[in-house]
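The chain contents come next:
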Amino acid sequence: MIIGHGEPGASVTLDGQPVRVAPDGRFVFGFGREAPPSAVLEVTPPGGPTEKRTLAITQRTYDIQRIDGLPPSKVTPDPALDERLKRERAAIGAARKHTSDALFWAEKLAWPSRGRISGVYGSQRILNGEPKQPHYGVDVAGPKGSPVTAPGSGTVTLAEPDFYYEGGIVIIDHGYGVSSTLIHMERVDVQAGESVAQGQRIGLLGAAGRASGPHVDWRMNWNGVRLDPELLVSPMPQN
Ligand SMILES: [Zn+2]
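The structure displayed is predicted, hence computed values, not measured ones.

(A) Representation of the sheet that holds strand β12 (residues 147–149) in the model. Strand order in the open sheet made by the three strands is β12-β18-β16, with antiparallel pairing throughout. Each end of this open sheet is capped by a strand with a single partner; those strands are β12 and β16 (187–188). Two elements, β16 and strand β18 (residues 201–204), share two bridges in a ladder whose sense is antiparallel. Paired with V188 across the two strands is G203, which belongs to β18.

And the structure:
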């Protein structure tokens, strides 16, 4: 995630697509796992001229694990779940589309829980030759029932206690298309529409949904782009 500073009233495009600019001239955008090696940013102050910059995007390598010989039921979800999964995916998509005028994206984010990092952004499994969706969050393992806190301030756009994959899930809109998603909670303590402050408890850490052990999985979006949350916080404090 990148925060730019333009003049008030500037207009901004990224690869030709308009980027929303705050009244003070700041703007936010980001790149995900599949980003190409370069992107073009154009900033036009009121009255011009346009300043054009080609941004070089560092390409990373991600951990890819191949597992073969699994029973097919472990690879393809049960068709009886289709309706439920469709409904839950739609609810998550709608919550992430929510984009407010808040400027909380400009504040430094904080870890939602402290503990061992048990999963990283971008890793992927290929099961029986079928690539699964990459892991788009950072996992923090911790004791079941410990508090999960809001990584940044914002408005809760989704709060559900029991989604199939996610378990207890909370999505927080930080403004301008930037949102946090926190999943696998065993209890959710907030409601959709509620304002939360950074550091406020939003639920309790668990292993709800599809999780192999108690952890919180934190994801960040800029509109449809999946960001690596670990790049947006200070290193995990070592206790
Ligand atoms: Zn995870």
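(B) Structural context of unusual backbone geometry. Between G48 and P49 the backbone carries a cis peptide bond, its omega angle lying at -10°. When you line up the elements, P49 lands in the loop between β5 (38–44) and β6 (51–56). Positive phi is not limited to glycine here, since D15 has a value of about 45°. With respect to the helices and strands, D15 occurs in the loop between β2 (11–14) and β3 (17–19). You will see that H184, though not glycine, has its phi angle at about 75°, which is positive. If you trace the backbone, H184 turns up in strand β15 (residues 178–185). Given 27 C-beta atoms within a 10 Å radius, H184 is considered buried.

(C) Examining helix α1 (residues 82–97) more closely. Here α1 contains 16 residues, and its C-alpha end-to-end distance of 22 Å stays within 8% of the 22 Å for a straight helix at 1.5 Å per residue. Within α1, the full set of buried residues consists of E88, I92, A95 and R96. Along the long axis of α1, the arc covered by the buried residues comes to 100°, so they all point the same way. Exposed residues lying more than 90 degrees from the buried face of α1 are D82, E83, K86, R87, A90, G93 and A94. Check the buried side of α1 and you find it contacts β13 (154–163), β14 (167–175), β15 and β19 (215–222).

Definitions and limits used
- Residues numbered from 1 in each chain as written.
- Predicted model: local features only at pLDDT ≥ 70, side-chain atom pairs only at ≥ 80, totals over all residues.
- Pairing = 2+ DSSP bridges.
- Helix = DSSP H or I, 4+ residues; strand = E, 2+ residues; numbered from the N terminus.
- Buried ≥ 20, exposed ≤ 12 C-beta atoms within 10 Å, placed from the backbone.
- Expected span 1.5 Å × (residues − 1).
- Arc of directions from axis to C-beta.
- Contact = placed C-beta atoms within 7 Å.

None of the figures reported here should be taken as evidence of function without further support.
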